[in-house]
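# Inside the fold
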Amino acid sequence: LLGESELYLLSVSVILIPVVYAALAFGLRGAVPTALWALVLSLPEISMHGWTTRIGIITQFTIVLAIAIIVALRVDREHKAARASEQANRRLSRLNATATAVASSLDLDHVLTATLRAKLDPNREQIAWIHLLPDGHKPTVTHIDASRSDRPHDRDVMQRSRTDRACATGLEQRSDPDRV
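Description of the structure in this document. As the structure is a prediction and not an experimental result, all values here were calculated from the model. (Residues numbered from 1 in each chain as written. Predicted model: local features only at pLDDT ≥ 70, side-chain atom pairs only at ≥ 80, totals over all residues. Heavy atoms only, no water.)

## Re the overall build of the protein
Stated precisely, the cut-off is as follows: By definition, any uninterrupted DSSP run of H or I lasting at least four residues is a helix, any uninterrupted run of E lasting at least two residues is a strand, and each is numbered from the N terminus. A simple rule labels every residue: compare its accessible area, found with a 1.4 Å probe on the protein chains alone, to the largest value its type can have, and call it buried under 20%, exposed over 50%, or partly exposed in between. Note on definitions: a residue-residue contact is assigned when non-hydrogen atoms from the two residues lie within 4.5 Å.
Along its length, the protein carries 5 helices and 2 strands. In the protein, which comprises 180 residues, the share counted as buried stands at 26%. Taking contacts inside the protein between residues at least 6 apart in sequence as the whole, the part at least 24 apart equals 51%.

## Regarding the pattern of salt bridges
As a reminder of what qualifies: Counted as salt bridges are all cases of a side-chain nitrogen of Lys or Arg within 4 Å of a carboxyl oxygen of Asp or Glu.
The final tally for this structure, using the stated rule, is 2 salt bridges. Among the ionic pairs, Glu-86 bridges to Arg-90, the shortest N-O distance being 2.9 Å. One end of the pair, Glu-86, and the other, Arg-90, are both in helix α3 (residues 51-103), 4 residues apart, so they sit about a helical turn from each other. The exposure class assigned to Arg-90 is partly exposed, which follows from its relative accessible area of 37%.

## Points about the nonpolar core
Inclusion rule: What is meant by a nonpolar core is a set of buried Ala, Val, Leu, Ile, Met, Phe, Trp, Tyr and Cys residues, joined one to another through side-chain atoms within 4.5 Å.
By size, the foremost hydrophobic cluster in this structure holds 13 residues, and its most contacted members are Val-12, Ile-15, Val-19, Ala-31, Ile-57 and Phe-61. Sorting the residues of this core by element identifies α1 (10-26), α2 (28-47) and α3 as the ones contributing at least two each. In terms of residue count, the dominant contributor to this core is α3 (5 residues). Counting residues in each nonpolar core, the second largest holds 5 residues, with Leu-112, Leu-116, Leu-120 and Ala-128 among its members.

## Topic: the side chain of Ser-42
This is how it is decided: Counted as a polar contact is a pair of N or O atoms within 3.5 Å, where, for protein atoms, one must be capable of donating a hydrogen and the other of accepting one, and residues adjacent in sequence contribute only when both atoms are in side chains.
In this fold, Ser-42 is placed in helix α2. Exposure remark for Ser-42: the relative accessible area of 9% places this residue in the buried category. A distance of 2.9 Å separates the side chain of Ser-42 from the backbone oxygen of Ala-38, its partner in a polar contact. With near-sequence residues (within four places) excluded, Ser-42 lies in contact with Ile-15 and Phe-61.

## What about α1?
Put simply, the test is: Each residue after the first adds 1.5 Å to the expected span of a helix.
Its 17 residues place the ends of α1 25 Å apart at the C-alpha level, agreeing with the 24 Å of an ideal helix rising 1.5 Å per residue. Buried residues of α1: Val-12, Ile-15, Val-19, Ala-22 and Ala-23, and no others. With its phi angle positive at about 70°, Gly-27 sits one or two positions after the end of α1.

## A word on a nonpolar patch on the surface
Applied cut-off: For patches, a residue must show more than 30% relative accessible area and have no salt bridge; joins then use 9 Å for like charges and 5 Å for nonpolar side chains, namely Val, Leu, Ile, Met, Phe, Trp and Tyr. Calculation of accessible area relied on Shrake-Rupley with a 1.4 Å probe; when residues are assessed, cover is drawn exclusively from the protein chains displayed.
Among the surface-exposed residues, Trp-37, Val-40, Leu-41 and Leu-43 lie close enough to one another that they form a single nonpolar patch of about 420 Å² accessible area. With respect to the helices and strands, Val-40 occurs in helix α2. For Val-40, a relative accessible area of 44% corresponds to the partly exposed category.

## Notes on α2
Inclusion rule: Here the bend at a residue means the angle between the axes of two seven-residue stretches, the one that ends at it and the one that starts at it.
Relative to the 28 Å expected for 20 residues at 1.5 Å per residue, α2 spans 28 Å between its end C-alpha atoms, a close match to the ideal helical length. The principal kink in α2, of about 40°, is found at Leu-41, preceding the proline Pro-44 by one to four residues. Taken as a whole, α2 has its buried residues at Gly-30, Ala-31, Ala-35, Ala-38, Ser-42 and Ile-46.

## Considering the packing of α1 against α2
Heads up, the rule is: Here an axis means a line fitted to C-alpha atoms, over the contact stretch when the element is a helix, while the angle between two N-to-C directions is reported on a 0 to 180 degree scale. Working rule for angles: under 35 degrees goes down as roughly parallel, over 145 as roughly antiparallel, 65 to 115 as roughly perpendicular, anything else as oblique. Note on convention: the crossing is left-handed when the near helix lies turned anticlockwise from the far helix by less than a right angle, right-handed when the turn is clockwise. Gly counts as polar in this scheme, as do all residues outside two lists: the nonpolar Ala, Val, Leu, Ile, Met, Phe, Trp, Tyr, Cys and Pro, and the charged Asp, Glu, Lys and Arg.
In contact at an axis separation of 7 Å, α1 and α2 are set at 160° when each is read in the N-to-C sense. By the criterion of interaxial angle, the relationship of α1 to α2 is roughly antiparallel. As α1 packs across α2, the resulting crossing turns out to be right-handed. In this structure, α1 uses Ser-11, Ile-15, Pro-18, Val-19, Ala-22, Ala-23 and Phe-26 to contact α2, whose residues at the interface are Leu-28, Arg-29, Gly-30, Ala-31, Thr-34, Ala-35, Ala-38, Ser-42 and Glu-45. The residue inventory of the contact of α1 with α2, partitioned by class, reads 10 nonpolar, 4 polar and 2 charged.

Structure representation (structure tokens):
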């Protein structure tokens with residue numbers, strides 16, 4: 001397609017296929033590098049044309065890049081929404097499991113054990129406990145459970161400290177505030 005043939009934009013138009021594929025498959029992190037790499041690979045061909053044809057080819061690449069960005073942003077937005085929906089479904093599932101555990105029995109030990117099981121994520125290694133403060137008729141009770149590891153018999157010093165803070169403040173305490 002050298003020279004001033006009317007088909008000089010055909011090569012840029014064909015590049016739209018891998019660029020849109022990269023946008024659909026990988027979002028923005030795949031579309032932009034693919035479009036820029038296609039431009040770099042086309043530089044020898046672009047340099048063989050006159051300046052008006054070069055402007056046309058670069059304009060065509062700009063359009064390809066714009067299409068790639070538009071498609072990639074949509075794909076990224078849909079992936080983010082799908083992840084958020086999946087996380088919300090997992091939380092709802094845990095809440096439903098907790099409600100089912102509480103509703104299925106009046107036995108305190110069974111309710112506490114089932115509640116801890118419902119709260120623990122089976123895909124991560126976690127330890128959770130419920131600490132019931134004493135009242136006039138009942139002693140202090142602590143139920144401990146774990147996912148993907150052996151259940152400890154007692155809490156360590158850090159866990160006891162977090163429990164005391166939670167009891168004093170009424171707020172949930174976590175070792176890693178970013179984890180759910």
